Amino acid sequence: MFQSPRGPFPHTRMRRLRAQEFSRSLVRENMLTPADFIFPVFVLEGSNQREAIASMPGIERLSIDLLVAQAREAQNLGVPALALFPVVPGKKKSLRAEEAWNPEGLVQRAVKSLKDALPELGVITDVALDPYTTHGQDGIIDDSGYVLNDVTSDALVQQALSHADAGADVVAPSDMMDGRIGAIRTTLEKHSHHNTLIMAYAAKYASSYYGPFRDAVGSAGNIKGGNKHSYQMDPANSDEALHECALDLAEGADMIMVKPGMPYLDIVRRVKNELQAPTFAYQVSGEYAMHMAAFEQGWLAHEPVMLESLLAFKRAGCDGILTYFALQAARALQ
């Protein structure tokens, strides 16, 4: 139990340190900088192509050439990394998601282009099958629709290896299959990708906040009202998150992630306190959409609320934040 070493009022006046800006700055416990942000981006086929995402104002699907230009802007603003998500054409989706590890696939080509143009920018790839499956689930299913763990893990290993071969700095399995981190780490080591990092979506909840993202990557129509409860975590659970994160670290994850973000900052704090590993959280599409809707209506002040929301991640213990506000916030912090 916390016990304050300070004396009683008036010997202690907590407002003394708040009275002037210089003293508030000196004792500020957390600081937000552009280096805290990872910018999630959506890539589509073609050249000079951009598509607005209605449920995510200000965020667009971009072809590789335009994505490289946006990535250069991010780097110039001090944002150290992008997280790459593909918009896969329907004709390339299948039951077994074979396009996910095509060496000439959309993600693999995007990674090569980004690293050729901006070798110092961190490129993080999503390792999951939902953009590539006809049913919108994150894995390979049986006749009843149940996602098969070990068969899916084998596919994820091939996908992660193809991303590493293309030059990805970080592979980020977001599928929540058991044992996939160890399988991916073993394969990366075997193929001499010793310095390819793994950012595990270790505590990914079966949340209702993901809707706009599924619109963005085009998987909402495939899942047809289904759910991911058999592999993503129950929002009611907290202790379970510690087991998930600890297992992924034991299997070889370099970084762990909690998803969604603001509604789950209690999980971030527990994970950071108890495991003391690099910990990230994702301010997901639904969080972004809610904020933007309030900003557009004039119900909340855009810049201060945006920055306050991100500072909350740092205060909870995040080493970094995946956020669609990355470029906006970086500009605000210049």
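Novice: I'm lost on empty space enclosed by the protein in this one. Help?
Specialist: Which parts of space are left empty comes out when a probe the size of a water molecule is rolled across the atoms. Per the stated rule, a full pass over the model turns up one cavity of 30 Å³ or more. Taken as a whole, the largest cavity spans an internal volume of roughly 120 Å³. Considering the residues around the largest cavity, the lining is formed by 18 residues, among which D130, K204, Y210, F213 and K259 are closest to the centre. Elements supplying a minimum of two residues to the lining of the largest cavity: β7 (197-204) and α6 (211-217). In terms of residue class, the lining of the largest cavity is made up of eight nonpolar, three polar and seven charged.

Novice: Help me out: how do you make sense of unusual backbone geometry in this one?
Specialist: Among all residues except glycine, the phi angle is most often negative; among peptide bonds, the trans geometry is most common. Of the consecutive residues F9 and P10, the connecting peptide bond is found in the cis state with omega at 10 degrees. Tracing the backbone shows P10 in the segment before α1 (21-26). The linkage connecting K259 with the following residue, P260, adopts the cis geometry, with an omega of 0 degrees. Here P260 shows up in the loop between β8 (255-259) and α9 (265-275). One non-glycine residue, M176, lies in positive phi territory at about 70 degrees. For M176, the location among the structural elements is in the loop between β6 (170-173) and α5 (180-190). For M176, a relative accessible area of 4% gives the class buried. Although it is not a glycine, S192 sits at a positive phi angle of roughly 65 degrees. If you trace the backbone, S192 turns up in the loop between α5 and β7. Given the relative accessible area of 52%, S192 is considered exposed.

Novice: Looking at this structure, how should I read the pattern of salt bridges?
Specialist: Close approach of charged atoms allows side chains with opposite charge to pair. As enumerated under the stated definition, the model contains 19 salt bridges in all. Salt-bridge contacts for R50 lead to E60; the nearest nitrogen and oxygen are separated by 2.5 Å. Of this pair, R50 sits in strand β2 (residues 50-52) while E60 sits in strand β3 (residues 60-63), and the two are 10 residues apart along the sequence. You can call R50 partly exposed: its relative accessible area is 49%. E51 is the partner of R61 in a salt bridge, and the nearest nitrogen-oxygen pair spans 3.3 Å. Linking R61 in strand β3 with E51 in strand β2, this pair joins segments that are 10 residues apart in sequence. With relative accessibility at 13%, the residue R61 sits in the buried group. Three or more residues are tied together by salt bridges with common partners; here these are D130, D138, K204 and K228.

Thresholds, definitions, all that
Residues numbered from 1 in each chain as written. Predicted model: local features only at pLDDT ≥ 70, side-chain atom pairs only at ≥ 80, totals over all residues. Heavy atoms only, no water. 1 Å grid on protein atoms, 1.4 Å probe; cavity = no way out; pocket = protein on both sides within 12 Å on 5 of 7 lines; lining within 4 Å. Points joined across faces, edges and corners; volume = space filled by probe spheres on them. Helix = DSSP H or I, 4+ residues; strand = E, 2+ residues; numbered from the N terminus. Nonpolar A, V, L, I, M, F, W, Y, C, P; charged D, E, K, R; others polar. Buried < 20%, exposed > 50% of the residue type's maximum accessible area, 1.4 Å probe, protein only. Salt bridge = Lys/Arg side-chain N within 4 Å of Asp/Glu carboxyl O.

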